[in-house]
Amino acid sequence: MLTTMQEILFRKPTLILISLLKPTEIPKSMTWLTWETRINFSHIIGLIKTMELNEIITTEKRNRIREVILTKKGRIIAQEIKEMFDKLKNGTIKAI
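All figures in this text were calculated on a predicted structure; none of them were measured in a lab. (Residues numbered from 1 in each chain as written. Predicted model: local features only at pLDDT ≥ 70, side-chain atom pairs only at ≥ 80, totals over all residues. Heavy atoms only, no water.)

Visitor: Account for the overall build of the protein, naming residues and giving values.
Guide: A count of helices and strands for the protein gives five helices and two strands. Reading the protein from its N terminus to its C terminus gives the helix and strand order α-α-α-α-β-β-α. The 96 residues of the protein split such that 33% are buried. Long-range pairs, those at least 24 residues apart, make up 45% of the contacts in the protein with a sequence separation of at least 6. Total accessible area on the protein stands at roughly 6700 Å², and carbon and sulfur atoms take up 55% of it. (Helix = DSSP H or I, 4+ residues; strand = E, 2+ residues; numbered from the N terminus. Buried < 20%, exposed > 50% of the residue type's maximum accessible area, 1.4 Å probe, protein only. Contact = heavy atoms within 4.5 Å. Areas by Shrake-Rupley, 256 points an atom, 1.4 Å probe, with all protein chains shown as cover.)

Set out below in structure tokens:
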């Protein structure tokens, strides 16, 4: 059974934000997010639109690829979530 903290950290928007923090050689497109997070493409599109409205991410069309980029606000949120995830994983903080 998952703890409350784990339930929050394993939600799909959280997985997207953490994935966007990872350094990669290829552009982070919606297709890449589908492979990385195992969330279906149509759900990714909906989540991306919501995060764009909240100014957490932006998308830029580059050739045939729509690249997904964290904004400054999004990077701060993603780093905070990743830090909480790492602390939970290492046992630094106890599950709620």
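Visitor: With reference to specific residues and values, describe the pattern of salt bridges.
Guide: According to the stated counting rule, one finds four salt bridges in the structure shown. Notably, a salt bridge pairs Glu 36 with Lys 22, separated by 2.5 Å at the nearest N-O pair. Separated by 14 residues along the polypeptide, Glu 36 in helix 3 (residues 30-37) and Lys 22 in the loop between helix 2 (12-21) and helix 3 bring together distant segments of the chain. For Lys 22, a relative accessible area of 38% corresponds to the partly exposed category. (Salt bridge = Lys/Arg side-chain N within 4 Å of Asp/Glu carboxyl O.)

Visitor: With reference to specific residues and values, describe the packing of helix 3 against helix 4 (residues 41-53).
Guide: In the contact formed by helix 3 and helix 4, the axes pass within 9 Å of each other and the chain directions differ by 115°. Looking at the two axes, helix 3 sits roughly perpendicular to helix 4. Crossing of helix 3 against helix 4: the hand is right-handed. For the pair formed by helix 3 and helix 4, the contact residues are Met 30, Thr 31, Leu 33, Thr 34 and Thr 37 on the first element and Phe 41, Ile 44, Ile 45 and Ile 48 on the second. Across the contact of helix 3 with helix 4, the residue classes tally to six nonpolar, three polar and no charged. (Axes fitted to C-alpha atoms, helices over the stretch in contact; angles between N-to-C directions. Parallel < 35°, antiparallel > 145°, perpendicular 65-115°, else oblique. Left-handed = near helix turned anticlockwise from the far one by under 90°. Nonpolar A, V, L, I, M, F, W, Y, C, P; charged D, E, K, R; others polar.)

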